[in-house]
Amino acid sequence: MKYLHLIPNYCLKALNILNGSGYEAYAVGGAVRDILMNRDPHDFDIATSALPDEIITVMSMHNIKTVDMAKKHGTITAVIDGNNVEITTYRVDGEYVDNRHPQEVEFTTNIALDVARRDFTMNALYFSSDGTIVDLNGGTEDIRAKRIRAVGNAEIRFEEDALRIMRGLRFASELGFDIEAQTEQAMFNKKALLRNISGERLYSEFTKLVIAPYASGIIRQYTDIFAEFCPSLLKARGFEQNSSYHDKDVLEHILAVLDSIPLTDGCRDVTLAYAALCHDLGKPYVYKTDENGVGHMKGHAEVSLKIWDELADRFKVDNKLRADVSELIKYHDTFPEPEQKSVHRFMLHHTEENLFKLHILQKADLSAHTAKASGRVEKLAVIMDLEQKIRNKNLVLSRKDLAVSGKDLIDIGINPGPQMGSTIDALLEAVIDGAVENNPSSLLSYALKYRFNS
Ligand code: ATP
Ligand code: MG
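All figures in this text were calculated on a predicted structure; none of them were measured in a lab.

Concerning the overall build of the protein chain
Moving on, step 1. Counting its regular elements, the protein chain contains 23 helices and 15 strands.
Moving on, step 2. Counting the 454 residues in the protein chain, one finds 50% classified as buried.
Moving on, step 3. Intrachain contacts of the protein chain at a sequence separation of at least 6 include 65% that bridge at least 24 residues.
Moving on, step 4. Only carbon and sulfur atoms are counted for the fraction: they give 50% of the accessible area of the protein chain, which is about 21300 Å².
Moving on, step 5. For the protein chain, the centre of its 53 positive side-chain charges and the centre of its 66 negative side-chain charges are spaced 3 Å apart.

Some words on the sheet that holds strand E5 (residues 83-89)
Moving on, step 1. With mixed pairing, seven strands are arranged side by side in an open sheet as E3-E4-E5-E2-E1-E10-E11. For this open sheet the edge positions go to strand E3 (65-67) and strand E11 (133-134), each flanked by a neighbour on one side alone.
Moving on, step 2. The sheet contact formed by strand E10 (residues 126-127) and E11 spans two bridges and is antiparallel. Bridged to phenylalanine 127 within E11 is isoleucine 133.
Moving on, step 3. Across the sheet, helix H1 (residues 9-20) lies against strand E1 (25-28), strand E2 (45-48), strand E4 (75-80), E5 and E10, angled at about 150° from E1, the strand it touches most.

Brief notes about the site of ligand 1
Moving on, step 1. In the neighbourhood of ligand 1, 15 residues make up the surrounding shell, with Arg33, Asn123, Asp161, Arg164 and Arg170 lying closest.
Moving on, step 2. Note that a nitrogen atom of ligand 1 is positioned 2.9 Å from one of the side-chain N or O atoms of aspartate 161.
Moving on, step 3. In this structure, an oxygen atom belonging to ligand 1 sits 2.7 Å away from a side-chain N or O atom of arginine 170.
Moving on, step 4. Alone, ligand 1 offers 590 Å² of accessible surface; in the complex the protein occludes 78% of this.
Moving on, step 5. Here ligand 1 occupies the largest pocket.
Moving on, step 6. Elements supplying a minimum of two residues to the shell around ligand 1: helix H2 (30-36) and helix H7 (163-175).

Parameters and conventions
- Residues numbered from 1 in each chain as written.
- Chains lettered and ligands numbered in written order.
- Predicted model: local features only at pLDDT ≥ 70, side-chain atom pairs only at ≥ 80, totals over all residues.
- Heavy atoms only, no water.
- Helix = DSSP H or I, 4+ residues; strand = E, 2+ residues; numbered from the N terminus.
- Buried < 20%, exposed > 50% of the residue type's maximum accessible area, 1.4 Å probe, protein only.
- Contact = heavy atoms within 4.5 Å.
- Areas by Shrake-Rupley, 256 points an atom, 1.4 Å probe, with all protein chains shown as cover.
- Lys, Arg positive; Asp, Glu negative; His and termini not counted.
- Charge placed at Lys NZ, Arg CZ, Asp CG, Glu CD.
- Pairing = 2+ DSSP bridges.
- Axes fitted to C-alpha atoms, helices over the stretch in contact; angles between N-to-C directions.
- Near = heavy atom within 4 Å.
- Polar contact = N/O pair within 3.5 Å; in protein donor to acceptor, adjacent residues only side chain to side chain.
- 1 Å grid on protein atoms, 1.4 Å probe; cavity = no way out; pocket = protein on both sides within 12 Å on 5 of 7 lines; lining within 4 Å.
- Sits in = over half its atoms within 2 Å of the grid points.

What follows is the structure, given as structure tokens:
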């Protein structure tokens, strides 16, 4: 059978052990879908007619260790040759509460019932150890037609668990598939249920969506759905900028920028993807026209930053990503003068990694402007060139490059706290300006003078 060689040995071993003990067992879910699409499969999941305790028993008879943390949902994790395989008993989900939690799960030996609880036909394919595929819903045909279709009645399935709406859009963004018409209509009809979904679950799916290759098309087509947790997207849609630098409305500009963030191994950097998405969302809120009818959007970066903050709160984004995206949004429209000292000063405020990302964002942003922005493109090239020269010269780039430490400064009477911060900033500036040499005695005497004067 042509796909069999793509199933790793550890997974075949689990299937054979279960089959050998008289149970049905299949590889199922994302890995099977990916194999049928010639994509690299990852995490192999197994569905079986064996009950959780039976899974544990047969695995232990073959000296295979199991972990039973998710046993109440029917899942046992087997550790085979160093790989974790999730083995889940066929199951029927009971009544759903809050459009997300099945109240209880019921185990079954009927594979058709297990199929029926899965979200999309392409995710409801079962693959046996002899290479046959069980396809009760037309999943293989849907994959061939590049189509995402709910298993069963889409509206009911999204009422049970509204996260499925996001999962469907996420798969579309990853795979470039269309959403089948009734499934799509049900997504729009049931979008308000996304409000009941936890931030963490939304975040996980939306992040995969926004870094994936087809994100811009999906965000354009399903703006109304994403507006359930990011209403500013609706403000941006169709919002004309009336500026000679722009020939697109705010949302179309944003999507063009997102498209211009390069893909590495099939996906975008998360920080850059969120920064591209949010960088101009503040524009409609600060928009003003002058006497010539020309649009101005001064201060939009600050408002975009607030919008990102609200989204990050809703999603419970970790501090690092929150701060990195904030930095890119805040500075996306800021360019130092293209001369040594201004560029050097600008470099003090950013790590090398963030500066690198900032310039990717700025390039993508400028590429989505009219030709009138070409002056800025040239300016950015000069700035980046100067940055490289400054780096090559090993000049001071952060506090840790100064020839004095915080402790040295405390020893001469600088208070730890705000005074310390401002003294260090003043030292860095002075070194850049050439007003003081970067050696301990010059720096300490400068610090004392600074303290005396401030
Ligand atoms: P990925 O390749 O991103 O891991 P996946 O389809 O494997 O995608 P998982 O979250 O690993 O996604 O889920 C494994 C399988 O469990 C899915 O293929 C699907 O059959 C089922 N599933 C997961 N989440 C849901 C859900 N919310 N509702 C119904 N079925 C689901
Ligand atoms: Mg998976």
